[in-house]
Every structure is written in C-alpha cells, then in structure tokens.
Amino acid sequence: MSQATAARKISNEAEHSTAYYFIEGLNELGIEHLFCNFGTDHAPVIEAMADREKHGEKVPNVMLCPHENTAAHMAMGYAAVTGRGQAVLVHVDVGTANTANAMHNMFRSRLPVLLMSGKAPYTSSNELVGSRDTYVHFVQEPIDQGALVRPYMKWEWTLPSGVVVKEALRRAHTIMENHPQGPVYFMAQRETLTQQWATDQIRSYSAEQYSQPQSGGADPATIALLADKLIAAEHPILICGYAGRNAKAAKLIEEISQFAGIAVFEGNQTFNISHEFPCFLGYSPNKHLPRADVGILVDVDVPWFPADVSHKSGSFWAHIDIDTLKAASPMWTFPGNMRMQGDSGRVLEQLLDELKKKATPKFKDAAQARVAALTAERNAWREQAKKLASNKGKVGEIDPHYVFSELNKLLKDDDVVLNEGVRNAGACLLQLTRPKPNTVVRSGGGGLGWSGGMALGVKLASPDTMAVQVVGDGGFYFGGPSSVFSVAQQYKLPILVLLLDNTGWSAVKESTLRVFPEGEAKSAGKFQAGLLADAEFSKVGEAFGAYGEKVTNPDDLPAALARAVKEVRGGRAAILHIRVTKL
C-alpha cells in the first residue's frame, strides 16, 4: 500500500486536552483576537491557555471585556475595518443571551464573528473531569441554548467530541466568512473540553483546501439587457447600502454614475461610499423615486420606506447583490425585474464595460446633461446643509447640525465615525463630508448600544485612526458605557465619544406621532419617552481615566471639541456630553 493511501496511525497515548487543540484550531483559522467574558465553563480553556503560554506556544490575543455586549460589538468593529471575523468567548446561556443584541446587529450588517460558549456540564457526580461542582451548573442549562441567538446565526453546533474540534472550527469559519458574511455559534461542555487526545488523532484543515467560495459576475446577456435599459433611460437612479465594504464596487458606482448620468443615494446607509462626487445626492431617494424609469439596487437591504413613497409604475429595477432575495427577511417585496446575485464589484465592472461598448453620441450627451443637472441639485443640497449648520441653537439646546459641522472640521479622511445618533443620525450624515468609503458606519440592525464597543474594535484594528462614537443618551445607556470605558483604559484604545443628550428617546415620541398625529398622547404630551434630565454622563468616562467635559453653550463647542480631539489623538479616551435640542 502506498504512503499516500495508507491509513493514519491512531495513537492511544493522550497528550493534550480538547481545549488545547481548540486553541490550536483557532490559531490555524487565523483568529487574532479573543473578545472574552469568562465563566465557570471555561476552566479547561483557561488552563490550556496557561499551559500553551508556559511552553511558548501561540495563543490568540485575549481582550477581557466586563460585559458581553462590549465584547461582541468590538468583534463587529474589527470585522468592519478588516473584513475578517474574530472570536467572542462567553459563558453558557446567560453570556450568550447578553450577546443576542450584537448578533442581531452583525447578522443584519453582514459581518462575520465566531461566537463561542460553554454549556453546563452534563455529569453531576465526578464521573468525568469537569463535572458539575457549583449551583449555576444546575440552573444554566436551558432546553435549547442555541435558540437564544439562532435567528441571527448562519450555523451552530455543539461539539460532540474533541476528536473533531478542528474540523468543527474550520466548518464554522468557512461559513461565517462566506458572503454574505455573518455570525456562527459554537458550543462545548467542560467534560468534552477536558478530554485527552493524542496529537495524531486531531486532524488539521488548511485554509487552502477549505477556503470560502468565491463570488463571480453576472450572465453577460443579463448585463447587456441592463445596459440597454440604462441607455434608453431618462431618469435612472442607483441606491446602495453596503457598497463601501467593497472597494471595487464603491469606486465603480462613482464611475458608472458619472458616465451614465445616474443619481446615487445611500438607502439606510450602513457602510458608506464616497460622499464627494457629482451624482451623490444623499440618503433619501424620495424626490427621484416617483419619476425614476430605471433603478439599480446595489448591496442594500432597505432602499426606501414604501409607506412614505412609491416607485414609478412600470419602472425597471435591477438588483446587484450577493443576496438578492433577502431570504432571512420573511417579508421583502421591493421591485425586482432582474436579480444579479454575485460580487457587486465584478458585476458593476461588467456593466461599465458594456455601457462603454454600447454608448452612442446621443446617450453620452444625455448622460452629461443629467450629470450637470444632478451636480446643480447636489450643490443646492450642500448649501442647505451649510444653512442648517449656521444655526448654533441656544444655551442648553445646541443644534446638532452645528455640532457635526464643527466635528467635520477636525476629522481626517481616514477617521471612522460610528453613527448611532438615532434621532440625530441624519444631521450627522448631512454635515460630515466623508471622501473615503467605510469612514462613517451605521449598524445594519436595530439593536441599540453598538457604537461604543464597535468604536473600540475599529481602534484595535486601525490604531492610527481616530474612532468617533456618536450616540444619544438613550443609546448610551444600552451600550454599557462603564464596560466600554474600562476596556478603553485597560487596553489603551482611546476613542472619542460624542454624547448628544436630548433627555429621552425622540424616536419613540416621533413614532407615536406618526401613527397617531392627533392622538391622546399628543394632547397630553405623554409619550413615555423622557429620561433623566440632569445626568452628568461625562463622569462615567472620568471614572475610567477618560477626559470628560459637558457642553451646554454653543459658543463653547468648538474649543471643547478641539480639546477632546487633542486628548484622543494624544492617547486618552474622551467624552463630550453635549446638551442638544430637547425631546
């Protein structure tokens, strides 16, 4: 029998625990960071880490986070910058439950993470190493632990035996990194993690042989049809959402829009394209949608709100996306005459090539006329932004547009703004001129409390970048700020926090008014949305060594912002508590 076909030798001489090979498997995946909140289920992992470090063997960098929400959203921020998923390690069902908000956000943001947790030990009388030895081991065993996060998972599994630990990790990694990227969930009990195995019993699975599937382009005939539609169009538009994460797609959107005279919008903006080209008109297509005869949706989940505006009857719509059907959303009925599922950068490259082949002098003249008209509309839009920013507001109620216009003066092109302003998110988008893609980010999900942890992850992934958390007082509570500032101090990750305090949840009030514009809540002025009006939020940051300042007078804002930015660029986290227009 040849060496190539001979069966591998199986040794009975146990050398290391499952936990040891688990860590080795993470190394083989290229996991750089473990964002952790440990519990009693992790004793075998903690022991294996210490053993490996004692012998000079590699262990992923451990980032201890006082709360799981911080840990998971740090992984989200890291993935947003690098495109690579990291690992989050939490304890049993309760730790998993604390990550559910973040898993929702990552799933809807198409970002990868390997969520891992223990499970309660399954033996009770020392039958195996790792048996139950404390009260919580009897109460932290739900009927279905995976159900806590299953709606947001691309894959989940409980490790049945340590012999397949590396195989399971490779499978999880392949699925989470495949586009659309997303979370996966891996669980293991203490008894399984303490099992002993010989090295030649534990197989490795190389990235070369188990790589992620590659996304291609579209059918040339389909591309040709779309090009024909665009050449005949009088009012074409393009709406994108995630395109900033694809460098080629972001660049090609600019090129195609200017070549073909297409108005471009970011619908429910998540990862931005450049905002500084002639055909970019902002974040709402409502003005153009009723007259658009050809529309292209590129990497977007919510292009507009059908309750607010309708598209033109008989218009032609093409979807370019790695996920054109949105099967994870039970109801999703935006128009789609053509669905091109693939890499948006490659598909747009095909489209531009085809347009250039088919372009006639008449088309080129019409396209450039549209570009001129769109440029004029853009200039008027930018002038309106300047006008809004010129109103400083008053003492105790600083205008958010003024806040962000002043911030804009201090930002470098590579700085990243995590925009969780909610009520004031629109002002942030309008006033920040971001020439580079992926430098202003919103969560694709609806879970509040993401921007602090995500800012830390961005800073970890890109140390020379200033990460700016923009958050309202309502979202600040959700984010577990003491955990965020603790991590910032412990791991020297200075972030700038701009807390816009309007003393409540404006989104709740506004939603009530939209549904009941003349209802009893309006008559009584009771919207169940008011929060503490005299909090000193900057003290939370100061408790963990951050620079803190409260700003109530608009005249004081520019200098206060400059002081905070100087602190952050100098290596110290900072928080500005800014009293803005009230709820």
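What you are looking at is a predicted structure, and each value in this text was computed from that prediction instead of being measured.

For the protein chain, the count of helices and strands is 20 helices and 21 strands. Here the C-alpha atoms of the protein chain give a radius of gyration of 26 Å, agreeing with the 25 Å that 2.2 N^0.38 yields for 583 residues. Along the three orthogonal principal directions, the C-alpha set of the protein chain runs to about 75 × 65 × 50 Å. Counting only residues that meet the buried cut, the protein chain has 55% of its 583 residues in that class. Long-range pairs, those at least 24 residues apart, make up 77% of the contacts in the protein chain between residues at least 6 apart in sequence. Counting only carbon and sulfur atoms, one obtains 52% of the accessible surface of the protein chain, whose full area is about 24,400 Å². With 59 positive and 62 negative side-chain charges, the protein chain shows a separation of 6 Å between the mean positions of the two kinds.

Moving on, we get to the sheet that holds strand β6 (residues 156-158). One open sheet accounts for six strands, arranged β3-β2-β4-β5-β7-β6; its pairing is parallel. The two strands at the open ends of the sheet, each matched to only one other strand, are β3 (61-64) and β6. When strand polarity is set aside, the average angle formed by the axes of neighbouring strands in this sheet is 20 degrees. When strand β4 (residues 86-90) meets strand β5 (residues 113-119), the two strands line up parallel, connected through five bridges. Among the inter-strand pairings, L89 is bridged to a residue of β5, identified as M116. Helix α6 (residues 165-177) rests against β4, β5, β6 and β7 (183-189) of the sheet, and its axis sits at about 165 degrees to β7.

Quick look at the confidence of the model for the protein chain now. Overall, the prediction assigns the protein chain a mean pLDDT of 93, with 98% of residues at 70 or greater. In the predicted structure, residues 1-10 sits below a pLDDT of 50 and forms seven contacts with residues beyond four places in sequence or in another chain.

This next bit is on the pairing of β4. Most of β4 is tucked away: five of the five residues are buried. Alternating residues of β4 divide into Q86, V88 and V90 and A87 and L89, and every residue in both groups is buried.

Packing of helix α8 (residues 220-232) against helix α10 (residues 344-358) brings their axes to within 9 Å, and their N-to-C directions diverge by 55 degrees. Classified by the interaxial angle, the pair formed by α8 and α10 is oblique. As α8 packs across α10, the resulting crossing turns out to be right-handed. Residues I223, A224, L226, A227, D228, L230 and I231 of α8 form the contact with α10, whose participating residues are V347, Q350, L351, E354, L355 and K358. By residue class, the composition of the contact of α8 with α10 is nine nonpolar, one polar and three charged.

Counting 87 residues, the largest nonpolar core has L226, I253 and L496 as its most contacted members. Filtering out sequence-adjacent residues up to four positions away, I253 remains in contact with L238, C240, A243, V264, I273, F277, V298 and L348. By size, the runner-up hydrophobic cluster in this structure holds 51 residues, among which are V88, V113, Y242 and A488.

As for its position among the elements, H288 is in the loop between β10 (263-266) and β11 (294-298). Each residue touching H288, except ones within four places of it in the same chain, is listed here: I237, A263, F265, L281, L374 and E377.

Its place among the elements puts A560 in helix α20 (residues 557-569). Given a relative accessible area of 0%, A560 falls into the buried group. Sequence spacing of A560 and I578 is 18 residues, and the spatial spacing of their C-alpha atoms is 10.0 Å. Residue contacts for A560: discarding those within four places in its chain leaves E549, V551 and L576.

With that settled, the discussion passes to the environment of H67. With respect to the helices, strands and loops of the structure, H67 is situated in the loop between β3 and α3 (68-82). Given a relative accessible area of 31%, H67 falls into the partly exposed group. Taking the C-alpha atoms as reference points, H67 and H42, separated by 25 residues in sequence, lie 16 Å from one another. Non-local contacts of H67, meaning those with residues more than four positions away in its chain, are made with N37, N98 and S483.

All chains considered together, the criterion is met by 30 salt bridges. The shortest N-O distance in the salt bridge between E349 and K248 comes to 3.5 Å. Of the two residues, E349 is situated in helix α10 and K248 in helix α9 (residues 247-260); the sequence distance between them amounts to 101 residues. On the basis of relative accessibility, which here comes to 27%, the residue E349 falls in the partly exposed class. With a shortest N-O distance of 2.6 Å, E549 and R563 are connected by a salt bridge.

Taken in spatial order, the five strands of this open sheet run β10-β9-β11-β12-β13, and their pairing is parallel. Looking at strand neighbours, the two that pair on one side only are β10 and β13 (338-341), the edges of this open sheet. Each neighbouring strand pair of the sheet contributes to a mean axis angle of 15 degrees, computed without reference to strand direction. Packed onto the sheet, α8 meets β9 (236-240), β11, β12 (316-321) and β13 and runs at close to 130 degrees relative to β13.

Burial within β12 is extensive, with six of its six residues counted as buried. Of the two faces of β12, the one holding F316, A318 and I320 and the one holding W317, H319 and D321 are both buried throughout. Direction of pairing for β11 relative to β12: parallel, over a ladder of five bridges. By the bridge assignment, I296 is partnered in β12 with A318. Bridge count between β12 and β13: four bridges; the pairing is parallel. In the strand pairing of β13, A318 is matched with M338.

Quick notes on the rules
Residues numbered from 1 in each chain as written. Predicted model: local features only at pLDDT ≥ 70, side-chain atom pairs only at ≥ 80, totals over all residues. Heavy atoms only, no water. Helix = DSSP H or I, 4+ residues; strand = E, 2+ residues; numbered from the N terminus. Rg over C-alpha atoms; globule rule 2.2 N^0.38 Å. Buried < 20%, exposed > 50% of the residue type's maximum accessible area, 1.4 Å probe, protein only. Contact = heavy atoms within 4.5 Å. Areas by Shrake-Rupley, 256 points an atom, 1.4 Å probe, with all protein chains shown as cover. Lys, Arg positive; Asp, Glu negative; His and termini not counted. Charge placed at Lys NZ, Arg CZ, Asp CG, Glu CD. Pairing = 2+ DSSP bridges. Axes fitted to C-alpha atoms, helices over the stretch in contact; angles between N-to-C directions. pLDDT = per-residue confidence, 0-100. Parallel < 35°, antiparallel > 145°, perpendicular 65-115°, else oblique. Left-handed = near helix turned anticlockwise from the far one by under 90°. Nonpolar A, V, L, I, M, F, W, Y, C, P; charged D, E, K, R; others polar. Core = buried A, V, L, I, M, F, W, Y, C linked by side-chain atoms within 4.5 Å. Salt bridge = Lys/Arg side-chain N within 4 Å of Asp/Glu carboxyl O.

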